[in-house]
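The residues making up each chain are set out below.
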There are 2 protein chains.
Amino acid sequence: MKVGFVGLGLMGRPMAGHVAKGGHSLHLWARRPESLAPFADSGATVHASIASMAREVDVLFSMVADAPDVEQVALGPQGVAEGAAGRTDLVFVDMSTIAPDAARNIAGQLAAKGVSMIDAPVSGGEVGAINATLTIMAGGTQDAFDRVLPLFQLMGKNVTRVGDSGAGQVAKACNQILTGVGVLALAEAFAFAEKSGVDAARVREALLGGFAYSRILENHGQRMLDRNFKPGFKSWMHQKDLRIVMNEAHRMGLALPSAAAAAQMLNAMVGQGLGEEDSIAVLKVLEDLGGVER
Amino acid sequence: MKVGFVGLGLMGRPMAGHVAKGGHSLHLWARRPESLAPFADSGATVHASIASMAREVDVLFSMVADAPDVEQVALGPQGVAEGAAGRTDLVFVDMSTIAPDAARNIAGQLAAKGVSMIDAPVSGGEVGAINATLTIMAGGTQDAFDRVLPLFQLMGKNVTRVGDSGAGQVAKACNQILTGVGVLALAEAFAFAEKSGVDAARVREALLGGFAYSRILENHGQRMLDRNFKPGFKSWMHQKDLRIVMNEAHRMGLALPSAAAAAQMLNAMVGQGLGEEDSIAVLKVLEDLGGVER
């Protein structure tokens, strides 16, 4: 297939690389020429605009920061819609994490111009992108999903079509609720143990075999014990994702008490200058708040 | 060994049974004679008082409701301390879930009378008690723990000495934070999916393979999808356990934002008459609050 890619950052670069290694013909456009440097010897075709790619490729991926960036790529001047004018077979796949409502809106406008859109946010972070072990949560028509599935399988291990447009973003929002609240609850449990004079490592061990088992207890728990707060997943990014969740909850009229607590703690972390650390650094905030001596 | 047991309820009955099946000589006392009926053919020795058992057995277990009951068993008239007068080799093992502070206090008073105490609350519920798959979290001296370990291994699968007196209760409190908040976060994620018009079953499937994996997502998630709110673990019991957590947090001066949210939702559940349902019924409360149509 001819595959286009926009957004060659920490995540997008290895993801595009896996597609090329999978034997597909890679097409690229980048705002900054230096983003293309890692692809100099890859045989990728470089385009002067997104529209130019959209005229030529079968599937066009984007992996950018937030909803306005996706809108720009999809609907802006020299963007996907403009380039795909007259075509009816292009699939645009946005793998960024944005609000479900924004994803549905963009998909609707693209559909009116004959372009199918899949929202397909991921979890697993940079490590998952590099090792092609991402979890990919997709929303869109079954037909468009089926056409893109072989490409998803080059980038990730767990690929699920969750439902129609926006459903991928909804699943990602659910993922961020579970991981954001899960990390906070674990930090609370560890702070509770420490303040009680009990070794959190022994508590983790005692709980791993029971119903409290989670990947978060196993992996993030060990990193908390090691005081290893390197990301992983940066606090300011989790803050952004929970902003999306809380805005959607506001829009829909839905009370999310534990997600709200997690969102507030992430606000405080960014306020304390911990935005570049992993979200497990919430443990330090709870320890400081509670006067836990270590 | 000669093993005494007080508290032959839903949990205690099968636990005592496993000890007897393990070849130990079972000694029983019960406030209500009908509690002894299931042991009629077991060859167990029935005593007229806890003190009478405490004079004769090597290890005496209790599995009762709350701290005042444990105090009564351990320190009350015709209780453990009275019966063990003059002895120095009795181990009293309380497997109830009570405040760490209360456990340490009772252990201190018993130690002054020559009785070793282990606090050893469990997780895994009635099913775990019946199948001898309980997780057992113990606090007390290494010596006393080692003497009781063969008996623990008849009742459970994951047996850990977490630390000194009270440490078992601290680990149990941590367990109840992780499970209480974990269930709430999952209910929030499912309500979010439902209100967004997305199938929660597909969301669960998409997330099972990633970092959001937990036993709660796998097991409680499936039960939420099946609308199976039968306990499992009753809401009023989880409410009680989070009261212990929040009281300890208050006593120690520790902020636990997500545990506080879970405790409040459990209060609301009991207020709404859902106390006898499983704590996953918090999904219904969130659905009602958010006007989620099903």
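Everything quoted here is computed from the prediction, not taken from an experiment. (Residues numbered from 1 in each chain as written. Chains lettered and ligands numbered in written order. Predicted model: local features only at pLDDT ≥ 70, side-chain atom pairs only at ≥ 80, totals over all residues. Heavy atoms only, no water.)

K.L.:
Now, about the UniProt feature "active site" (unreviewed entry) in chain A: what can you tell me, with residues and values included?
P.N.:
All names here are of chain A. Per the UniProt annotation, the sites labelled "active site" (unreviewed entry) are Lys172. Looking at the secondary structure, you find Lys172 in helix H8 (residues 167-195). According to the relative accessible area criterion, Lys172 is buried, its value standing at 7%. When residues no more than four places from it in sequence are discounted, the contact partners of Lys172 are Thr97, Pro121, Val122, Met137 and Asp241. (UniProt positions renumbered as here; feature names shortened; annotations may be inferred. Helix = DSSP H or I, 4+ residues; strand = E, 2+ residues; numbered from the N terminus. Buried < 20%, exposed > 50% of the residue type's maximum accessible area, 1.4 Å probe, protein only. Contact = heavy atoms within 4.5 Å.)

K.L.:
Which residues make up the packing of aromatic side chains, and what are the values?
P.N.:
Residue and element names in this part refer to chain A. Scanning the model with the defined rule gives seven aromatic pairs over all chains in all. Seen from their ring centres, Phe5 and Phe61 are 5.5 Å apart, and the 20° between their planes marks the pair as stacked. Here the residue Phe5 occupies a position in strand E1 (residues 2-6), and Phe61 occupies one in strand E4 (residues 59-62), the gap between them amounting to 56 residues. Here Phe5 matches Phe61 in class, with each residue buried. Aromatic side chains Phe145 and Phe152 sit 6.1 Å apart centroid to centroid with 45° between the ring planes, which places their arrangement in the tilted category. (Phe/Tyr/Trp six-rings, centres within 6.5 Å; stacked < 30°, edge-to-face > 60°.)

K.L.:
Can you break down the domain arrangement of chain A residue by residue, with the values?
P.N.:
Interfaces are often sized by the amount of accessible area the parts lose when they come together. All names here are of chain A. Assigned domains within chain A: domain 1 (2-164) and domain 2 (170-290). Distance from the C-alpha centre of domain 1 to the C-alpha centre of domain 2: 30 Å. Contacts between the two partners involve 13 residues from domain 1 and, on the opposite side, 10 residues from domain 2. The contact between domain 1 and domain 2 buries some 970 Å² in all, and 59% of this surface belongs to carbon and sulfur atoms. When the buried surface of domain 1 facing domain 2 is broken down by residue, Thr97, Pro100 and Met137 rank first, second and third, together holding 43% of it. At the boundary of domain 1 and domain 2, one finds two salt bridges. Residue Arg251 pairs with Asp101 through a salt bridge whose shortest N-O separation is 3.6 Å. Our count for the contact surface shared by domain 1 and domain 2 stands at five residue pairs in polar contact (both at pLDDT 80 or more). Taken together, the elements giving at least two residues each to the side of domain 1 that touches domain 2 come down to helix H5 (100-111) and strand E7 (122-123). With three residues, H5 is the largest single contributor of residues to the side of domain 1 that touches domain 2. Of the residues that constitute the side of domain 1 that touches domain 2, the class distribution is eight nonpolar, two polar and three charged. (Domains from an automatic or database assignment. Buried area = accessible area lost by both parts, 1.4 Å probe. Salt bridge = Lys/Arg side-chain N within 4 Å of Asp/Glu carboxyl O. Polar contact = N/O pair within 3.5 Å; in protein donor to acceptor, adjacent residues only side chain to side chain. Nonpolar A, V, L, I, M, F, W, Y, C, P; charged D, E, K, R; others polar.)

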